[in-house]
Amino acid sequence: MLNKKSILLIAYILALTFIPLESAQEVVGRLYFVPSYYPVDLLSPSSFEAELWIDDGVDSLHGFDIHIVFDPSKLAVDSVVLADLPGGYPCFCPTRLLGEGYAHLVCAVLGPDVISGQGPFLRLYFRPLQPGISVVKVDSVVFLRPDNSRIPVKRDYLLVHIKGADSRDPDVGNLYMSDVP
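Predicted model only: the values in this text are computed from it and were never measured. (Residues numbered from 1 in each chain as written. Predicted model: local features only at pLDDT ≥ 70, side-chain atom pairs only at ≥ 80, totals over all residues. Heavy atoms only, no water.)

Caption draft 1: Geometry of the overall build of the chain. Each helix and strand counted, the chain has 2 helices and 11 strands in total. Ordered by position from N to C terminus, the α and β elements of the chain give α-β-β-β-β-β-β-β-β-β-β-β-α. Taken over 181 residues, the chain has a buried fraction of 35%. A separation threshold of at least 6 residues defines the contact pool for the chain, and within that pool the share at least 24 residues apart is 78%. Carbon together with sulfur atoms contributes 57% to the accessible area of the chain, which is approximately 10,600 Å² in total. (Helix = DSSP H or I, 4+ residues; strand = E, 2+ residues; numbered from the N terminus. Buried < 20%, exposed > 50% of the residue type's maximum accessible area, 1.4 Å probe, protein only. Contact = heavy atoms within 4.5 Å. Areas by Shrake-Rupley, 256 points an atom, 1.4 Å probe, with all protein chains shown as cover.)

Encoded structure:
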């Protein structure tokens, strides 16, 4: 039979097991475009490339669902491909949808491997359609670890300035960072 001191000792040990001594703050990863500002000429016949990078806060990535949006009157997306993911693990992407104003990818890393570290994540190829400004942003993202827990991420945007035949675009002088969604 247990005495009062034994019961208190067991209760104390159990409490230490379930109560963290320090408040644990989860590291938040970051998705960002390289470059973050892209001037492009409308008269250029080819598409241009923008890279979406991940930082060190994205650890143990095993699958993702990402939705990228932009102004379909200014830009068209030609393709979105996986970049040189840190570690170079093979991925299975059953969903790769490209539409007017959006790109949507759903992928999973094959096998038990995970993606961790900083580096290029996606490469997006756009064609300019008309002069003006378009914001390209990650509208929604779900990054999952192998145990299906989510990896929290902050998202940055890409500002694309499309120059026409007249490079003095009046919209550029009136754009403020507070106007960017």
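Caption draft 2: View of the pattern of salt bridges. The full count for this structure, using the stated rule, is 5 salt bridges. Between Glu51 and Arg123 there is a salt bridge, with the nearest N and O atoms lying 2.8 Å from each other. Of this pair, Glu51 sits in strand S3 (residues 48-54) while Arg123 sits in strand S8 (residues 119-128); the two residues are 72 residues apart in sequence, bridging distant segments of the chain. Taken as a pair, Glu51 and Arg123 share a single burial class, namely buried. (Salt bridge = Lys/Arg side-chain N within 4 Å of Asp/Glu carboxyl O.)

Caption draft 3: Seen up close, the side chain of Arg123. For Arg123, a relative accessible area of 17% gives the class buried. Among the polar contacts listed, one links the side chain of Arg123 to the side chain of Glu51, at a separation of 2.8 Å. For Arg123, the residues in contact, after removing those within four places along its chain, are Glu49, Ala50, Glu51, Ser79, Val80, Val81, Ala83 and Asp84. (Polar contact = N/O pair within 3.5 Å; in protein donor to acceptor, adjacent residues only side chain to side chain.)

Caption draft 4: A look at the sheet that holds S3. Pairing within the open sheet is mixed, and its 5 strands lie in the order S5-S8-S3-S1-S10. Strands with a single pairing partner mark the edges of an open sheet, and in this sheet they are strand S5 (75-82) and strand S10 (153-155). Sheet twist, expressed as the average angle between the axes of neighbouring strands with direction ignored, equals 25°. The pairing of strand S1 (residues 29-34) with S10 spans 3 bridges and is parallel. Looking at the pairing, Leu31 lines up with Arg155 of S10. (Pairing = 2+ DSSP bridges. Axes fitted to C-alpha atoms, helices over the stretch in contact; angles between N-to-C directions.)

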